[in-house]
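Geometric and topological summary
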Amino acid sequence: EPEVTQTPSHQVTQMGQEVILRCVPISNHLYFYWYRQILGQKVEFLVSFYNNEISEKSEIFDDQFSVERPDGSNFTLKIRSTKLEDSAMYFCASMSGRTYEQYFGPGTRLTVT
Amino acid sequence: DAKTTQPTSMDCAEGRAANLPCNHSTISGNEYVYWYRQIHSQGPQYIIHGLKNNETNEMASLIITEDRKSSTLILPHATLRDTAVYYCIVSMDSSYKLIFGSGTRLLVRP
């Protein structure tokens, strides 16, 4: 069964460093998402991406964040200059658009020290 | 903010049906009701969704009241592996984004 994959599973970085979180969505899906979950808190929407552009972003998704679909298969989230409060699980999700259920990856745990 | 209200926690015995309620009294006519669950810290998992009619799939059944102001997710024969946080989400904007609330923590007892 096709699934969303994410790499790395765990990333440790120092404050101020750039990180890139990678996702491979399900191959024929057209809608892509990033969510995050700070330990013990709710899952929060960050950004949605469709037709090679951002379709919606939350207040969390400020100028420090960017997304790309560089090669038609990967979907990346970049945090330009990480802060301590960026420590969280980051989940990628994709959706076909023929049906409207989102499939989530296993997440990347980002720890900013 | 989430548009739904769910109990904080519930429990049921293994093998019995788990009935998880959700209130969504401000739902609009074109909004779907989605159910997802999150087992421990894994990625959320889609369970089922519906608009007006009751729905059933291999995982669960979804019962939506006639006025659409509430729904119930039914896991017909709960197993220990169904222990998770269950989220009821109302959504139908152009990006199809999901706004998660706090969900219901379901504990299935042996």
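Please read these numbers as outputs of a predicted model, since none were measured by experiment.

About the thresholds
- Residues numbered from 1 in each chain as written.
- Chains lettered and ligands numbered in written order.
- Predicted model: local features only at pLDDT ≥ 70, side-chain atom pairs only at ≥ 80, totals over all residues.
- Heavy atoms only, no water.
- Phe/Tyr/Trp six-rings, centres within 6.5 Å; stacked < 30°, edge-to-face > 60°.
- Helix = DSSP H or I, 4+ residues; strand = E, 2+ residues; numbered from the N terminus.
- Buried < 20%, exposed > 50% of the residue type's maximum accessible area, 1.4 Å probe, protein only.
- Pairing = 2+ DSSP bridges.

**Overview of the packing of aromatic side chains**
Applying the stated rule across the entire model yields 18 aromatic pairs over all chains. Note on Y35 of chain A and F104 of chain A: the rings are 5.2 Å apart at their centroids and 45° apart in plane angle, and the pair reads as tilted. Taken as a pair, Y35 of chain A in strand β4 (residues 31-37) and F104 of chain A in strand β10 (residues 103-104) lie far apart in primary sequence, 69 residues in all. Assessed through its relative accessible area of 11%, F104 of chain A is described here as buried. Taken together, the aromatic side chains of Y33, Y35, F45 and F104 of chain A together with Y32, Y34, Y36, Y46, Y87 and F100 of chain B make up a single cluster linked through ring pairs.

**Details of the sheet that holds strand β5 (residues 55-56) of chain B**
All names here are of chain B. Spatial ordering of the open sheet is given by β2-β7-β6-β5, a layout of 4 strands whose pairing is antiparallel. The outermost strands of the open sheet, each flanked by one partner alone, are β2 (18-23) and β5. Across 4 bridges, the pairing between strand β6 (residues 61-64) and strand β7 (residues 70-75) is antiparallel. Paired with S61 across the two strands is I74, which belongs to β7.

**A short note on the pairing of strand β7 (residues 65-68) of chain A**
All names here are of chain A. Where burial is concerned, the two faces of β7 differ: the one with F65 and V67 is buried and the one with S66 and E68 is not. Judged from the 4 bridges that link them, β7 and strand β8 (residues 75-79) form a sheet pairing that is antiparallel. Bridge pairing in β8 places V67 opposite L77. Between β7 and β8, which pair antiparallel and follow one another directly, the connecting turn spans 6 residues, one of which, G72, has a positive phi of 80°.

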